[in-house]
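Examining the three-dimensional arrangement
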Amino acid sequence: MDVESLLKYGLSIAQKSGASYAEGRYQADQGEGLMLKNGVPELASHFNNAGISFRVLVDGALGFAATNKISKKEVSKVIDMAIKSAKAASFLFKDKVGLSEEEPKEDKVVIKPRIKFENVDQESMIELLREADSVALESAGKHEAKLVGRIFFVRSWTTEKRIITTDGINVYSFIPRVTFSFYLTALGLNKLASQRFAEKGESGGWEAIEKLDVVHMMKNEGETLGKLVTQAKSPPKDKLDVVLGSEVVGIVCHESSGHPGEMDRILGREAAQAGESYLTKDSLGKVVGSNVVNVVDDPTIPHSFGFYLYDDEGVKARKRYLIKEGKINEFLQNRETAFVTGTKSNGAARASQYNREPIVRMANTYMEPGDYKFDELLEGIKFGIYIKNFTEWNIDDRRFNQRYVGLESYIIENGELKDMVRNPVIEMTTIGLFSSVDAVGSDLDFWAATCGKGDPMQGVPVWTGGPSIRLRNVNLGG
Amino acid sequence: MSTREIVSRVIKLAKREGATDAVARIEELEWYMLRFSNNSLTVTKSLLEKELQIFVCINGKKASCSIMNLSEEAIKEATIKTVRLAKSSRESDLYAPLPKGPFKYDKKFKKIGDENIDVEKLPTLVKTSIESALSSGASRVAGSLIAQKVKVLQETSGNARSEFESTMYNLSVRAFADSDATGQFAATSTFVSKMDAEKVGRMAGEIAKMAKDPKPAEAGVYDVVFGPMTFADLIEEVVDASSAFSVDSKTSFLVDKLNEKISSKEVTIEDDPLNQEAPGSSPFDQEGLPTFRKKIIDSGVLSTYLHNSATSKKMNQKNTANAGLIRPFPFNVVVSEGSKSLDELISSIDNGLYVTNNWYLRYTNSLTGDFSTILRDGLFRIRNGSIEGPIKGLRLSDNMLNFLKNIEELGRERYWIKWWEVDVPVLTGAALVRQMKFTKPTI
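Residues numbered from 1 in each chain as written. Chains lettered and ligands numbered in written order. Predicted model: local features only at pLDDT ≥ 70, side-chain atom pairs only at ≥ 80, totals over all residues. Heavy atoms only, no water.

Across its full length, chain B carries nine helices and 23 strands. On C-alpha atoms alone, chain B measures out to a radius of gyration of 23 Å, which is about the 22 Å that the 2.2 N^0.38 rule sets for 443 residues. Considering only C-alpha atoms, chain B reaches an extent of 70 × 50 × 40 Å along its principal axes. When the 443 residues of chain B are sorted by exposure, 66% land in the buried category. Across chain B, the fraction of contacts at a sequence separation of at least 24, relative to all contacts at a separation of at least 6, is 73%. In the form shown here, chain B has an accessible surface area of approximately 15500 Å², with 47% of it arising from carbon and sulfur atoms. Treating the 60 positive side-chain charges of chain B as one cloud and the 58 negative ones as another, the clouds have centres 4 Å apart. (Helix = DSSP H or I, 4+ residues; strand = E, 2+ residues; numbered from the N terminus. Rg over C-alpha atoms; globule rule 2.2 N^0.38 Å. Buried < 20%, exposed > 50% of the residue type's maximum accessible area, 1.4 Å probe, protein only. Contact = heavy atoms within 4.5 Å. Areas by Shrake-Rupley, 256 points an atom, 1.4 Å probe, with all protein chains shown as cover. Lys, Arg positive; Asp, Glu negative; His and termini not counted. Charge placed at Lys NZ, Arg CZ, Asp CG, Glu CD.)

Attention now goes to the interface of chain A and chain B. Every contact between the two is made by 95 residues of chain A and, on the other side, 81 residues of chain B. With both chains or domains summed, chain A and chain B bury close to 7300 Å², and 51% of this area falls on carbon and sulfur atoms. Ranking the residues of chain A by area buried against chain B places Glu42, His46 and Leu92 of chain A at the top, with a combined share of 10%. In this structure, the connection of chain A to chain B is made through eleven salt bridges. The residue Lys37 of chain A makes a salt bridge to Asp248 of chain B at a minimum N-O spacing of 2.4 Å. Taken together, the links from chain A to chain B amount to 68 residue pairs in polar contact (both at pLDDT 80 or more). No other element matches the eleven residues that strand β2 (residues 40–58) of chain A contributes to the side of chain A that touches chain B. Of the residues assigned to the side of chain A that touches chain B, the class counts are 39 nonpolar, 30 polar and 26 charged. (Buried area = accessible area lost by both parts, 1.4 Å probe. Salt bridge = Lys/Arg side-chain N within 4 Å of Asp/Glu carboxyl O. Polar contact = N/O pair within 3.5 Å; in protein donor to acceptor, adjacent residues only side chain to side chain. Nonpolar A, V, L, I, M, F, W, Y, C, P; charged D, E, K, R; others polar.)

Applying the stated criterion to the full structure yields 24 aromatic pairs over all chains. Residues Phe117 of chain A and Trp206 of chain A carry aromatic rings whose centres are separated by 5.5 Å and whose planes lie at 70 degrees to one another, so their mutual orientation is edge-to-face. Taken together, the residues span a long stretch of sequence, with Phe117 of chain A in the loop between β4 (105–110) and α3 (122–141) and Trp206 of chain A in the loop between β7 (193–203) and α4 (207–212) at a distance of 89 residues. As far as burial versus exposure is concerned, Phe117 of chain A and Trp206 of chain A are alike and both buried. Look at Phe185 of chain B and Tyr415 of chain B: their rings are 5.2 Å apart centre to centre, the planes differ by 80 degrees, and that puts the pair in the edge-to-face class. On the criterion of sequence distance, the pair formed by Phe185 of chain B in strand β7 (residues 181–189) and Tyr415 of chain B in strand β21 (residues 415–419) is long-range, its members being 230 residues apart. Per residue, the accessibility class of Phe185 of chain B equals that of Tyr415 of chain B, and both read buried. A cation over an aromatic ring shows up here: Lys72 of chain A above the ring of Tyr9 of chain A, its NZ or CZ 4.9 Å from the ring centre. The ring of Tyr172 of chain A has Lys108 of chain A sitting right over it, with the charged end atom 5.7 Å from the ring centre. (Phe/Tyr/Trp six-rings, centres within 6.5 Å; stacked < 30°, edge-to-face > 60°. Lys NZ or Arg CZ within 6 Å of the ring centre and 35° of its normal.)

Within the element layout of this structure, Ser366 of chain B appears in the loop between β15 (358–365) and β16 (370–375). A polar atom in the side chain of Ser366 of chain B sits 3.0 Å from the side chain of Tyr183 of chain A.

Moving on to the environment of Ala24 of chain B. Residues and elements named next belong to chain B. When you line up the elements, Ala24 lands in strand β1 (residues 21–37). With relative accessibility at 0%, the residue Ala24 sits in the buried group. As for Ala24 and Leu52, which are separated by 28 residues in sequence, their C-alpha atoms are 7.0 Å apart.

Two pairing modes exist for strands in a sheet, parallel and antiparallel, and in both the strands are linked by backbone hydrogen bonds. All names here are of chain A. Here we have three strands laid out as an open sheet, ordered β16-β17-β20, and antiparallel in their pairing. Strands with a single pairing partner mark the edges of an open sheet, and in this sheet they are β16 (390–395) and β20 (425–429). If you compare each strand with its neighbour and ignore which way they point, the axes differ by 10 degrees on average. Strand direction decides the pairing type here: strand β17 (residues 401–406) and β20, joined by five bridges, are antiparallel. By the bridge assignment, Val405 is partnered in β20 with Val425. Sitting on the sheet, helix α6 (residues 246–258) touches β16 and β17, and the angle it makes with β16 is about 15 degrees. (Pairing = 2+ DSSP bridges. Axes fitted to C-alpha atoms, helices over the stretch in contact; angles between N-to-C directions.)

Our focus in this paragraph is the side chain of Ser173 of chain A. Relative to the helices and strands, Ser173 of chain A resides in strand β6 (residues 169–188). Setting aside chain neighbours within four positions, we find Ser173 of chain A in contact with Val109, Thr159, Glu160 and Lys161 of chain A.

Next up on the list: the sheet that holds strand β18 (residues 409–413) of chain A. Residues and elements named next belong to chain A. Pairing in this open sheet of six strands is mixed, and the strands run β19-β18-β15-β8-β24-β21 from one edge to the other. A strand with exactly one partner marks an edge of an open sheet, and here the two such strands are β19 (416–421) and β21 (437–440). Strand-to-strand twist of the sheet, defined as the mean angle between neighbouring strand axes without regard to direction, takes the value 30 degrees. Two strands pair when backbone bridges link them, and β21 and strand β24 (residues 469–475) are joined in this way by three bridges, in the antiparallel orientation.

Under the counting rule described, the total for this entry stands at 70 salt bridges over all chains. The partner of Glu330 of chain A in a salt bridge is Arg318 of chain A, and the shortest N-O contact between them spans 2.5 Å. Placement of the pair is Glu330 of chain A in the loop between β11 (327–328) and α8 (335–341) and Arg318 of chain A in the loop between β9 (295–297) and β10 (320–324), with a sequence separation of twelve residues. Glu330 of chain A sits in the buried class, given a relative accessible area of 18%. Glu368 of chain A serves as the salt-bridge partner of Lys319 of chain A, at 3.4 Å between the closest nitrogen and oxygen. Pair noted here: Lys319 of chain A is in the loop between β9 and β10 and Glu368 of chain A is in the loop between β14 (364–367) and α9 (374–379), with a separation of 49 residues, a long-range link. Connected through salt bridges with shared partners, the residues Lys37 of chain A together with Asp93, Asp248 and Lys314 of chain B form a single ionic network.

Next up on the list: helix α3 (residues 122–135) of chain B. For α3 of chain B, which comprises 14 residues, the first-to-last C-alpha distance of 20 Å matches the rise-based estimate of 20 Å (1.5 Å per residue) to within 8%. All of the buried residues in α3 of chain B are Leu122, Pro123, Leu125, Val126, Ser129, Ile130, Ser132 and Ala133 of chain B. Elements that come into contact with the buried residues of α3 of chain B comprise α2 (72–88) of chain A together with β1, β2 (40–58), β5 (140–156), β6 (161–178) and α4 (197–210) of chain B. Count one or two residues on from α3 of chain B and you reach Gly137 of chain B, which has phi positive near 125 degrees. (Expected span 1.5 Å × (residues − 1).)

Residues and elements named next belong to chain B. Summarising the sheet, strand β9 (residues 220–226) and strand β23 (residues 431–439) pair through six bridges and their orientation is antiparallel. Residue pairing for β23: Phe226 is matched across the bridge by Ala431. The sheet contact formed by strand β19 (residues 395–399) and β23 spans two bridges and is antiparallel. Looking across to β23, one finds that Arg395 is bridged to Thr439. Sheet analysis places strand β20 (residues 407–410) next to β23, joined by three bridges and oriented antiparallel.

Turning next to the pairing of β6 of chain A. All names here are of chain A. Counting buried positions along β6 gives 17 out of 20 residues, so the element sits mostly inside the fold. Relative to β6, β4 runs parallel, the two being bridged by six bridges. Within the sheet, the bridge partner assigned to Lys105 lies in β6 and is Ile169. Bridging between strand β5 (residues 145–165) and β6 involves 19 bridges; their strand directions are antiparallel. If you follow Trp157 over to β6, its bridge partner there is Arg177. Hairpin geometry of β5 and β6 is characterised by an intervening segment of three residues between the two adjacent antiparallel strands and by a positive phi of about 95 degrees at Gly168. What sits between β6 and β7 in their antiparallel hairpin is a turn of four residues, with Lys191 showing a positive phi close to 75 degrees.

Here it is as structure tokens:
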């Protein structure tokens with residue numbers, strides 16, 4: 001029996017067993033990766049993670065069950081588990097679970113990589129990473145710094161999904177993804193150390209790695225780390241203006257706009273783990289930033305790392321304005337939260353693997369670019385600081401109190417970049433940060449990340465991004 | 001094909017294809033979760049899963065794979081592909097031949113925990129924890145209960161054949177007395193009979209009640225009592241940094257600290273893979289070596305890194321049987337028992353804080369140990385040896401070596417902690433730590 005027939009078979013059993021709604025998903029993630037550690041390949045790996053899951057609604061109780069044994073017998077078994085466990089615990093479902101009504105849909109989305117990862121021979125990948133490694137080492141060495149720890153990782157995987165529901169959704173998708181990540185630790189003769197981790201990734205094939213020019217990227221990263229441990233000064237203490245680079249803006253938008261705008265957090269469903277939100281379901285229209293702040297989450301951007309056209313409840317994906325002109329404009333919703341708020345899903349349900357339930361997630365979250373060229377952002381600053389990228393960060397579980405520790409950072413004097421500074425700290429509230437923005441750059445870049453949420457943990461691929469932005473009158477923290 | 005036949009075939013095939021070393025491991029999982037929020041269940045989850053992991057070396061050339069399709073054809077294909085990947089790789093400087101067996105494993109650990117998961121008991125545990133938190137002062141309660149049974153079967157080309165099965169329960173409860181007055185507690189065991197849902201709910205509820213009407217906190221350097229949840233998280237970070245892989249990668253703040261005094265003499269931290277009640281227990285590591293209890297920090301001195309064969313050979317240190325084929329890891333972490341109760345620890349502080357929980361720990365630099373983590377749930381001001389009242393909005397922004405150095409006293413009453421933020425089970429009490437730095441937002 002093929003996968004589609006098996007899923008349909010599962011739905012029919014579920015309905016016969018009393019489920020008012022059932023949803024079946026087949027998901028196969030398979031791929032490979034290569035790690036280079038301090039110049040030598042540490043490990044080549046591959047994986048194939050495939051299985052099926054079902055969600056059932058029985059008298060307002062939601063049951064989820066999954067298996068990697070793909071057979072008729074196992075389907076019957078997991079449907080039975082989902083229904084029995086939901087029924088057995090139904091007395092604890094005080095708030096009955098429901099799902100919003102959505103348009104029935106049948107569709108197929110297939111993204112083809114231009115260069116398949118498996119068609120690139122491993123020797124060439126190793127050579128590329130070794131070249132990146134030696135260039136990084138050499139460029140840091142020019143500044144009398146040593147890159148004592150160097151880990152590079154390339155990986156590629158495909159995600160194939162088939163989602164079928166009892167209310168008329170049947171969607172198939174196939175999406176390939178690739179990433180390149182690096183983790184560098186620099187040590188100067190003065191014993192000062194700096195560390196950098198970052199990841200670039202797209203939906204696509206090896207062509208995305210080629211486009212990155214990782215050798216050139218590592219030359220710059222090595223040089224920056226070298227300078228950081230030998231030349232950087234302590235950051236100033238005064239109140240000043242701050243320019244944040246695209247990479248910092250990306251994480252800010254993800255942590256401080258995307259996460260608090262997830263309706264399952266707002267409703268308390270994540271309360272015990274990832275937490276809740278400083279927003280409430282009545283916060284639409286609330287002013288949280290200056291009127292130049294526009295934050296978007298859009299799963300439909302071609303080649304993006306967080307790309308999808310149908311979410312994992314089979315709802316069509318679309319662009320969502322989370323913050324428009326400084327005001328909360330829209331929340332991220334799946335069918336479960338939309339039922340509670342009496343709205344429609346906006347296609348934000350994602351499950352990281354076959355054995356995880358679909359929950360509200362971001363995809364590609366970024367601040368929309370404005371009109372300012374980078375030089376123009378600096379022009380208006382007498383004394384300030386430019387934080388191009390970051391190292392440590394964290395935020396409280398209501399997404400209000402956050403901290404970003406700058407890595408590559410410079411003093412700005414009379415509109416010009418001057419000395420490098422070590423680890424300036426931005427420690428601000430969400431509204432404090434977004435309200436301090438007075439100018440938004442015209443540049444736009446994206447970084448890949450794996451966003452963690454859910455219980456058990458689900459890591460999903462996302463892009464975080466944005467332009468450079470300017471903040472006025474900020475006290476550095478730390 | 002039986003599970004034993006599968007792993008034997010993988011080893012034979014890998015060797016025939018040219019592997020000098022091979023490990024095949026199958027984990028069979030039966031897993032349940034009840035997840036709740038706002039005093040109501042939100043979902044029940046069940047999972048049946050069987051996964052094959054293969055690791056091969058051709059001398060120092062390494063490759064691994066994990067697959068979930070266990071058909072004969074898929075297993076053969078995966079094994080051949082894994083050896084092929086190793087062939088086209090290059091020699092790693094982290095390599096040692098797998099240990100040669102056969103080995104004797106402690107028979108008491110062939111079965112750990114309950115015979116089976118009694119699924120029908122699970123809703124009652126959740127109900128008890130919710131009611132307990134509510135009756136202790138919470139107005140709403142969230143959390144999750146996990147129950148699992150795992151069967152592990154492993155074989156290596158070093159003639160190490162091993163298997164065991166275990167059960168695990170993990171309950172985490174977060175109580176809300178108000179939107180900014182919360183308390184959290186957790187428990188874990190291999191036996192359902194040891195899961196005290198009433199106590200977990202009560203402790204979360206009592207912290208939440210105490211945390212009502214918090215005042216804004218002042219940033220500064222404080223003496224602090226870390227409750228078991230936070231201390232478990234910080235100690236897990238220390239033990240994680242003791243993995244020889246991190247040390248070799250120069251990403252650990254414990255680089256060059258072996259045999260140095262890094263903490264006070266009160267602090268002894270052990271890795272204990274052989275504990276009937278601890279869910280991380282395993283009679284063998286991923287290279288098939290019999291596991292054993294070892295001190296990582298012995299009366300304040302860093303006494304070993306955690307090793308597998310490859311890291312122990314490269315560093316010329318004793319193998320601790322903590323493979324992780326690439327990265328050695330701990331099984332269960334045990335912090336030594338102190339002499340003081342929580343109240344006595346608090347009474348040792350004139351001007352400080354009592355921190356009950358934290359999350360989101362990130363490093364500015366893991367080599368130096370500079371980090372910060374957000375405090376969450378009940379946070380209290382201590383003055384003149386007693387709790388003055390709840391406060392809010394602080395972040396612990398300090399350094400791991402500084403944290404270790406400043407530990408002064410350990411608590412007497414210990415708990416097995418494991419939850420969303422603490423992955424490896426940690427047995428610990430509260431702890432008194434002097435002079436830690438706390439920051440807060442500037443705007």
